[in-house]
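# Residue-level structure breakdown
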Amino acid sequence: MSDCLFCKIIDGSIPSTKIYEDDHVYAFTDISPVAKGHTLLIPKHHCQDLFEMPEEVARNLYAVAPKIANAIKAAFQPIGLNTINNNGAAAGQTVFHYHLHFIPRYDEKEGLGLIWQTQKYSAEQLAEVAESIKANL
Ligand code: 5GP
Ligand code: ZN
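All figures in this text were calculated on a predicted structure; none of them were measured in a lab.

So, on to the pattern of salt bridges. This structure, assessed with the given rule, holds four salt bridges. The partner of Lys-44 in a salt bridge is Glu-21, with the nearest N and O atoms 2.8 Å apart. Of this pair, Lys-44 sits in the loop between β3 (39-43) and α2 (55-62) while Glu-21 sits in strand β1 (residues 18-21), placing them 23 residues apart in sequence. With relative accessibility at 34%, the residue Glu-21 sits in the partly exposed group. The shortest N-O distance in the salt bridge between Lys-134 and Glu-131 comes to 3.1 Å.

Attention now goes to the UniProt feature "active site" (unreviewed entry) in the protein chain. UniProt's feature table lists "active site" (unreviewed entry) at His-99, given in the numbering used throughout. Tracing the chain through its elements places His-99 in the loop between β4 (80-84) and β5 (100-105). In this structure His-99 comes out as buried when scored by relative accessible area, which is 5%. Setting aside residues up to four positions removed in sequence, His-99 forms contacts with Phe-6, Leu-40, Leu-41, Ile-42, Ile-84, Asn-85 and Gln-93.

Turning to the coordination of the zinc ion (ligand 2), a few remarks are in order. Each protein donor to the zinc ion (ligand 2) is listed here as Cys-4 (SG), Cys-7 (SG), His-46 (ND1) and His-97 (ND1); together their distances run 2.0 to 2.3 Å. For the zinc ion (ligand 2), the four donor atoms are set out with angles of 104 to 117° between them, so the coordination reads as tetrahedral. Each donor residue of the zinc ion (ligand 2) lies on the same chain, and together they follow the pattern C-x2-C-x38-H-x50-H. With His-46 in the loop between β3 and α2 and His-97 in the loop between β4 and β5, the pair connects residues that are 51 residues apart, well separated along the chain. Judged by its relative accessible area of 21%, His-46 is partly exposed.

Turning our eyes to something else, we now look at the site of ligand 1. Near ligand 1, the surroundings consist of 16 residues, among which Asp-30, Asn-86, Thr-94, His-99 and His-101 are the closest. A distance of 3.2 Å separates a nitrogen atom of ligand 1 from a polar atom in the backbone of Ile-31. Contacts to ligand 1 include Gly-92, whose backbone N or O atom sits 2.9 Å from an oxygen atom. The fraction of the free accessible surface of ligand 1 (530 Å²) that becomes covered by protein chains is 82%. Secondary-structure elements contributing two or more residues to the shell around ligand 1 are α1 (5-11) and β2 (25-29). It is α1 that contributes the most residues to the shell around ligand 1, three residues altogether.

Within the largest apolar cluster, 14 residues are counted, with the highest numbers of intra-cluster contacts made by Leu-41, Leu-61, Ile-68, Tyr-98, Leu-100 and Phe-102. Residue assignment for this core shows that the elements contributing at least two residues are β2, α2, α3 (65-76) and β5. Among the elements that take part in this core, α3 stands out by supplying three residues, more than any other. When near neighbours in sequence (up to four residues on either side) are disregarded, Leu-61 contacts Val-25, Leu-41, Ile-42, Pro-43, Tyr-98 and Leu-100. Cys-7, Phe-28, Leu-40 and Ile-42 belong to the second-largest nonpolar core, a separate cluster that totals 10 residues.

Rules behind the numbers
- Residues numbered from 1 in each chain as written.
- Chains lettered and ligands numbered in written order.
- Predicted model: local features only at pLDDT ≥ 70, side-chain atom pairs only at ≥ 80, totals over all residues.
- Heavy atoms only, no water.
- Salt bridge = Lys/Arg side-chain N within 4 Å of Asp/Glu carboxyl O.
- Helix = DSSP H or I, 4+ residues; strand = E, 2+ residues; numbered from the N terminus.
- Buried < 20%, exposed > 50% of the residue type's maximum accessible area, 1.4 Å probe, protein only.
- UniProt positions renumbered as here; feature names shortened; annotations may be inferred.
- Contact = heavy atoms within 4.5 Å.
- Donors = N, O, S within 2.8 Å, 3.2 Å for Na, K, Ca; no water.
- Tetrahedral: all angles 85-135°; square planar, octahedral: opposite > 155°, others 65-115°.
- Near = heavy atom within 4 Å.
- Polar contact = N/O pair within 3.5 Å; in protein donor to acceptor, adjacent residues only side chain to side chain.
- Areas by Shrake-Rupley, 256 points an atom, 1.4 Å probe, with all protein chains shown as cover.
- Core = buried A, V, L, I, M, F, W, Y, C linked by side-chain atoms within 4.5 Å.

Below, the structure written as structure tokens:
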């Protein structure tokens, strides 16, 4: 995609700090890291988000995820690490070429201010939700 920022990073027309590359994926440092070691892993095949991603592209991308996570862990010894993928502006996506964030955690209070508000669902309600999703697989 000629007007896509991350496609331009892959083809080298926009500079990036490369961490890893193979035939299918490219990993580089986030330009505005949330924490030291914040890395983005992207498919070379342009797809906007997870909804558009072919299974083969997903397989090739996630196959590399443990390697990236373990390299960050070995380099900086974080106490934890979040992988995050935002799909759609409402979910916080700002670059519309799929990317998986690797955000190492050094302190529970530092870096990622993730607010995770849980809701109360009965077993019947959970079963209803599961049925609705299963019907669309
Ligand atoms: P999103 O909000 O879409 O999940 O994440 C987009 C990420 O891309 C942000 O964390 C942002 O800092 C990063 N980003 C935006 N532009 C560039 C760029 O030109 N180079 C790099 N390396 N990262 C970028
Ligand atoms: Zn792209």
